[in-house]
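# Working through the structure, step by step
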Amino acid sequence: MMRRTRKNLLTEWWWTIDRPMLLVLILILFSGLILSMAASPPVAERLGLDSFHFVKRHAFFIPIALTLMIGMTFLDPRTIRRVALALLIASLVGMVMTLFIGFSAKGSQRWITILGFSLQPSEFLKPSFVVLAAWLFAENDRRPEIPGNLFSIVLFMVSVVLLVAQPDIGQTVLLASVWGGLFFMAGMPLFWIFLLAGLGVGGLTMAYFFVPHVTGRINRFLDPETGDTFQVDTAMDSIVRGGWLGTGPGEGMVKRILPDSHTDFIFAVLAEEFGIIVCLLLVSAYLFVVLRSLSMALKTQDLFKRLAISGLALLFGLQAVINIAVNLQLLPAKGMTLPFISYGGSSLLSVAIAMGFLLALTRRRPEVGLEQSQFYQSQK
């Protein structure tokens, strides 16, 4: 047991980190590995791969993600902004590269290959974008002579253009929702609320008419008779079949017939094999992280920290909501991963970075306000 009287970096970290949130996030992270063992072997076999191909790759990324998440928690807010800026620049460059040297899958060109690994740069855009957008909004409030809101709008538009170019409408909707939430919390004028709402509706309408795979997904959602709804129908049937207690580990059928059972529809595997009760426990874990983060954001006086914590919590929670809603046929299929659960190295590492930022910003640092004040004074 670490004692408060011992003064070193590790003991300071232990007594200032939000331990309940850290524990819940680690539990979710390792739950993903267990579900990967349950969901991915049939998918690998259908592709002619070793049965545990995806399990091994998922297991490979787990310690990296855990190291990233915990490593980020040692950073102070100023360093977090610097790391976010470097990550944002790298992500934007990577997204531009995917348009020229990336490879396509499922109607989108989102991935590039680096050192034998498929990388999705747009995943790493999300946590860095949230942190920098929060900082720009905070700077606009603290120093009105700096047009932080305008810079945030420009950053948002650049990110959206690159996402739509791939196209990745699901990530665009997610990023726009989080950014809109941040803008609202930063004191968005009523004019901007109506303007951005109109632009959002207009953007979705254009996507419907000009992006074929988006058109197909929305049409199938509104009228299942217009196309193939095999995946969403099968996922829903498996959730119903699982009942409250599930069919038992390894006894599910959905993973044997769905091509995306280890990614987009892993929640259906969980529901079928482990039951609705376990699904509710997982949802409760996501809800705990989001509500605890928002509660801590309300208690901080630093506007940047308040917005960044809230934005990262929204990012984490909304991504989970979208994935689960697709499995329950409440939203059109979007190709959105379930945070820390779905297979995918880029998604896993991106969520780890986001949660590392979140845990770092929610650490109890009574001296941070003074340090930031001194820093701002030195910049004048």
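Above this text you will find the structure in question.
Attention shifts here to the overall build of the chain. If you tally the helices and strands in the chain, you get 15 helices and three strands. Counting only residues that meet the buried cut, the chain has 50% of its 380 residues in that class. Long-range pairs, those at least 24 residues apart, make up 70% of the contacts in the chain with a sequence separation of at least 6.

Let us now look at the packing of aromatic side chains. Evaluation of the coordinates by the stated rule reveals 10 aromatic pairs. Taking 6.4 Å as the distance between ring centres and 50° as the angle between the ring planes, the aromatic pair formed by Phe129 and Phe156 counts as tilted. Placement of Phe129 in helix α5 (residues 121-142) and of Phe156 in helix α6 (residues 148-165) is noted, with a sequence separation of 27 residues between them. Per residue, the accessibility class of Phe129 equals that of Phe156, and both read buried. Consider the rings of Phe137 and Trp179, whose centres lie 6.3 Å apart with planes at 40°: the pair is tilted. In this pair, Phe137 is assigned in helix α5 and Trp179 in helix α7 (residues 169-185), connecting sequence segments 42 residues apart.

Structurally, Met21 is set in helix α2 (residues 19-46). Exposure remark for Met21: the relative accessible area of 0% places this residue in the buried category. Remark: the alpha-carbon pair of Met21 and Thr362, spanning 341 residues in sequence, is separated by 9.9 Å. Excluding residues within four positions of it along the chain, Met21 makes contact with Phe288, Val289, Arg292, Ser293, Met296, Leu358 and Leu359.

Let us now look at a nonpolar patch on the surface. The grouping of Leu85, Ile89, Val93, Val96, Met97, Leu99, Phe100 and Ile101 at the surface amounts to a nonpolar patch, some 730 Å² of accessible area in total. On the basis of relative accessibility, which here comes to 47%, the residue Ile89 falls in the partly exposed class.

Viewed as axis vectors pointing N to C, α7 and helix α13 (residues 303-327) meet at an angle of 145°, and their least axial separation amounts to 9 Å. The way α7 lies across α13 gives a crossing that is right-handed. Across the interface between the two elements, Leu174, Ser177, Val178, Leu182 and Met185 from α7 touch Leu307, Ser310, Gly311, Leu314, Leu315, Leu318, Gln319 and Ile322 from α13. Here the residues of the contact of α7 with α13 are counted per class, giving nine nonpolar, four polar and no charged.

On to the nonpolar core, then. One finds Phe340 and Met355 to be the most contacted residues of the largest nonpolar core, which totals 96 residues. In contact with Met355, other than residues within four places in its own chain, are Leu25, Met69, Val289, Leu312, Phe316 and Phe340.

Helix α12 (residues 266-299) packs onto helix α10 (residues 230-242) with a crossing angle of 20° between their chain directions and a minimal axis gap of 7 Å. Between α10 and α12, the crossing angle belongs to the class labelled roughly parallel. Note on packing geometry: the crossing formed by α10 with α12 is left-handed. Two secondary-structure elements touch here, α10 through Ala235, Ser238, Ile239, Arg241 and Gly242 and α12 through Phe267, Ala268, Ala271, Glu272 and Gly275.

The end-to-end C-alpha separation of α10 is 18 Å, in line with the 18 Å expected for 13 residues at 1.5 Å each. Among all positions in α10, only Val232, Thr234, Ala235, Ser238, Ile239 and Gly242 are buried. All buried residues of α10 project into a common sector of 165° when viewed along the axis, lining one side. The inward-facing, buried residues of α10 abut α11 (254-257), α12 and α13. Gly243 occupies a position one or two residues after α10 and carries a positive phi of about 65°.

Let us look at empty space enclosed by the protein. Under the defined criterion, the tally for this structure stands at one cavity of 30 Å³ or more. If you add up the space inside the largest cavity, you get close to 70 Å³. Forming the boundary of the largest cavity are Glu123, Lys126, Pro127, Leu315, Phe316, Gln319, Ser350, Val351, Ala354 and Met355. When contributions to the lining of the largest cavity are tallied by element, the ones reaching two or more residues are α5, α13 and α14 (345-361). In terms of residue count, the dominant contributor to the lining of the largest cavity is α14 (four residues). Each residue belonging to the lining of the largest cavity can be placed in one class, and the counts come to six nonpolar, two polar and two charged.

The rules behind the values
Once a new chain begins, its residue numbering starts again from 1 and follows that chain's sequence as written. In view of the model being predicted, local features appear only for residues whose pLDDT reaches at least 70, and side-chain atom pairs are presented and counted only at 80 or more, with totals across whole chains, interfaces and linings using the full set of residues. The basis for every side-chain value is the complete set of non-hydrogen atoms in the structure, without hydrogens or water. Numbering goes from the N terminus for both helices and strands, where a helix is a DSSP run of H or I of at least four residues and a strand is a run of E of at least two. Burial here depends on accessible area, computed with a 1.4 Å probe over protein chains only, as a share of the maximum for the residue type. Under 20% is buried, over 50% is exposed, and the range in between is partly exposed. We call two residues contacting when some pair of their heavy atoms lies within 4.5 Å. Any two of the Phe, Tyr and Trp rings considered here, Trp counted by its six-membered ring, make a pair once their centres fall within 6.5 Å; the pair's planes then place it as stacked at under 30 degrees, edge-to-face at over 60, or tilted in between. Distance thresholds for patches are 9 Å for like charges and 5 Å for nonpolar side chains (Val, Leu, Ile, Met, Phe, Trp, Tyr), applied to residues having over 30% relative accessible area and no salt bridge. Computed by Shrake-Rupley with a 1.4 Å probe, the accessible areas treat only the displayed protein chains as cover when residues are assessed. We define a salt bridge as a side-chain nitrogen of Lys or Arg found within 4 Å of a carboxyl oxygen belonging to Asp or Glu. Each axis is a line fitted through C-alpha atoms, taken for helices only over the stretch in contact, and angles between the N-to-C directions span 0 to 180 degrees. By definition, turning the near helix anticlockwise from the far helix through less than a right angle yields a left-handed crossing, and turning it clockwise yields a right-handed one. Residues were grouped as follows: Ala, Val, Leu, Ile, Met, Phe, Trp, Tyr, Cys and Pro as nonpolar; Asp, Glu, Lys and Arg as charged; and all remaining residues, including Gly, as polar. Buried Ala, Val, Leu, Ile, Met, Phe, Trp, Tyr and Cys residues form a nonpolar core when they are joined through side-chain atoms within 4.5 Å. Oblique is the label for every angle not falling under 35 degrees (roughly parallel), over 145 degrees (roughly antiparallel), or within 65 to 115 degrees (roughly perpendicular). For a helix, the expected span equals 1.5 Å multiplied by the number of residues minus one. Of all possible arcs, the one meant is that of the directions from the helix axis to the C-beta atoms. The rule is simple: put a 1 Å grid over the protein atoms alone, call a set of points where a 1.4 Å probe fits but cannot get out a cavity, call an open set with protein on both sides within 12 Å along at least five of seven lines a pocket, and count a residue as lining if it has an atom within 4 Å of a point. Grid points are joined across faces, edges and corners, and a volume is the space filled by probe spheres set on the points.

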